[in-house]
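Chain residues, written in single-letter form:
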Amino acid sequence: MDFPLSSPLVNRLDYVSSTGSTNTDLIAAAAERPDLSVLVAGFQSAGRGRATGRQWLAPEGSSLAISVLLRPAAAAKLTPNAFGWLPLIAGLAMARAVGQFIPAEQVAVKWPNDVLVNEHKISGILSELLPDFSGVVIGAGINIRQTAEQLPIETATSLAIELGSTEVELSNDKILAAYLGELRALYSRFVEAGGDATASGIRDEIAARCGSIGRRVRALMPGDQEITGNGVGLDEFGRILIQPDGARELFAVSAGDIVHLRHN
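The structure reproduced in this document is the subject of the present report.

**Details of the side chain of serine 37**
Thinking step 1. Considering the arrangement of structural elements, one finds serine 37 in strand 2 (residues 37-41).
Thinking step 2. Within the local environment of serine 37, its side chain forms a polar contact with the backbone oxygen of proline 34, the two atoms lying 2.7 Å apart.
Thinking step 3. When near neighbours in sequence (up to four residues on either side) are disregarded, serine 37 contacts Arg12, Leu26, Ser67, Val68 and Leu69.

**Let's talk about the pairing of strand 12 (residues 257-260)**
Thinking step 1. Side chains of strand 12 alternate between two faces, with Ile258 and His260 buried and Asp257 and Val259 left unburied.
Thinking step 2. In the sheet, strand 8 (residues 216-221) pairs with strand 12 via 4 bridges, with the strands oriented antiparallel. By the bridge assignment for strand 12, arginine 218 is matched with valine 259.

**So, the environment of isoleucine 213**
Thinking step 1. Within the secondary structure layout, isoleucine 213 lies in the loop between helix 6 (202-209) and strand 8.
Thinking step 2. Overall, isoleucine 213 belongs to the partly exposed group, its relative accessible area being 22%.
Thinking step 3. Setting aside residues up to four positions removed in sequence, isoleucine 213 forms contacts with Ala207, Gly231, Val232, Gly233 and Leu234.

**Thoughts on the packing of helix 3 (residues 86-98) against helix 6**
Helices that pack against each other are described as a pair by the angle of their axes relative to one another and the distance between those axes.
Thinking step 1. The interhelical angle for the contact between helix 3 and helix 6, taken along N-to-C directions, is 55°, at an axis separation of 10 Å. By the angle between their directions, the pair helix 3 and helix 6 is classed as oblique. Of the two elements, helix 3 crosses helix 6, and the hand of that crossing is left-handed. Along the contact surface, helix 3 presents Leu88, Ile89, Leu92, Ala95 and Arg96, while helix 6 presents Ile202, Glu205, Ile206 and Arg209.

**Quick word on the layout of surface pockets**
Thinking step 1. In this structure, the second largest pocket encloses a volume near 510 Å³.
Thinking step 2. Residue lining of the second largest pocket: 21 residues in total, with Gly84, Pro87, Leu88, Ser127 and Ser254 positioned closest to the centre.
Thinking step 3. At the level of elements, helix 2 (80-83), helix 3 and strand 6 (120-129) are the ones that each hand at least two residues to the lining of the second largest pocket.
Thinking step 4. With 4 residues, the single largest contributor to the lining of the second largest pocket is strand 6.
Thinking step 5. Here the lining of the second largest pocket is built from residues that sort into 12 nonpolar, 7 polar and 2 charged.

About the thresholds
- Numbering of residues starts from 1 in every chain and runs along the sequence as written.
- The model is predicted, so local features are restricted to residues of pLDDT at least 70 and side-chain atom pairs to those at 80 or more, both for listing and for counting; the totals for chains, interfaces and linings are taken over all residues.
- By convention in this description, side-chain values take in all heavy atoms of the structure and omit both hydrogens and water.
- The secondary structure listing takes helices from DSSP runs of H or I that are at least 4 residues long and strands from runs of E that are at least 2 residues long, numbered from the N terminus.
- Here a polar contact means two N or O atoms within 3.5 Å. Within protein one must be a hydrogen donor candidate and the other an acceptor candidate, and residues neighboring in sequence count only if both atoms are side-chain atoms.
- Whether two residues are in contact is decided by their heavy atoms: any pair within 4.5 Å suffices.
- Exposure categories follow from relative accessible area, calculated using a 1.4 Å probe and restricted to protein chains: below 20% of the type maximum is buried, above 50% is exposed, and the middle band is partly exposed.
- Paired strands, in this sense, are two strands between which DSSP finds at least two bridges.
- Here, axes are lines fitted to C-alpha atoms. For helices the fit covers the stretch in contact, and angles between N-to-C directions go from 0 to 180 degrees.
- Orientation labels follow simple angle bins: below 35 degrees gives roughly parallel, above 145 gives roughly antiparallel, 65 to 115 gives roughly perpendicular, and whatever is left gives oblique.
- Crossing chirality is assigned from the near helix's rotation relative to the far helix, an anticlockwise turn below a right angle marking it left-handed and a clockwise turn marking it right-handed.
- Grid spacing is 1 Å over the protein atoms alone, the probe is 1.4 Å, and a cavity is where that probe fits but cannot get out, while a pocket is an open set with protein on both sides within 12 Å along at least five of seven lines and lining residues have an atom within 4 Å of a point.
- Grid points are joined across faces, edges and corners, and a volume is the space filled by probe spheres set on the points.
- When residues are sorted by character, Ala, Val, Leu, Ile, Met, Phe, Trp, Tyr, Cys and Pro go into the nonpolar class, Asp, Glu, Lys and Arg into the charged class, and all the rest, Gly among them, into the polar class.

Structure below.
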């Protein structure tokens, strides 16, 4: 499959019709790939979600699995803490890309990087650190042509559903180019700012698109710990800040699932 719009946006782009996991494949090949290398698959049989044991599967040809190698040059001097912003940047990039095809005001990010359309998930993102700590591989899956019956959960959606027809013409290349273009622009700004999400303005842009801020949420964290309260912002490390019910001090969540609760 050719990607004439997408290929010029990155340093290398490879496509396979199917694979086990694009993240696994790209991590294995990372030593021989430049920064901003991309691997795309029309189907993956062993896609994973952020939660342990959770799989991401879709009927062949109905979605895209996209993995991007982000390995800034050593001269950029990004710290490991800065790498924590990269999956959030990818979530913002995907939200902006989806917003090019459907009304942007309907698209939000559920912290840290699930992309929702009217509270229904259209894209999930999983980042994995390279074994030598030189960068990360960002994996993203986007639902494109699935019908409601083909989606694994009722709270998922696809571009075809949101556009009102599974017969609508959807170009994989246009969708991929929208995502890669947004990702490259944000990533370049972030690296040029030395990995400073605040100075680059990216922290504010992510917060503005994050639907978990300004509403009641429940954070489900490792160790069966959970907190319910109001999402109020992001700290300098990209952690979501929650004002727990009945408490004055803010709680910073670095890992876990966020559940959006109904507005009061």
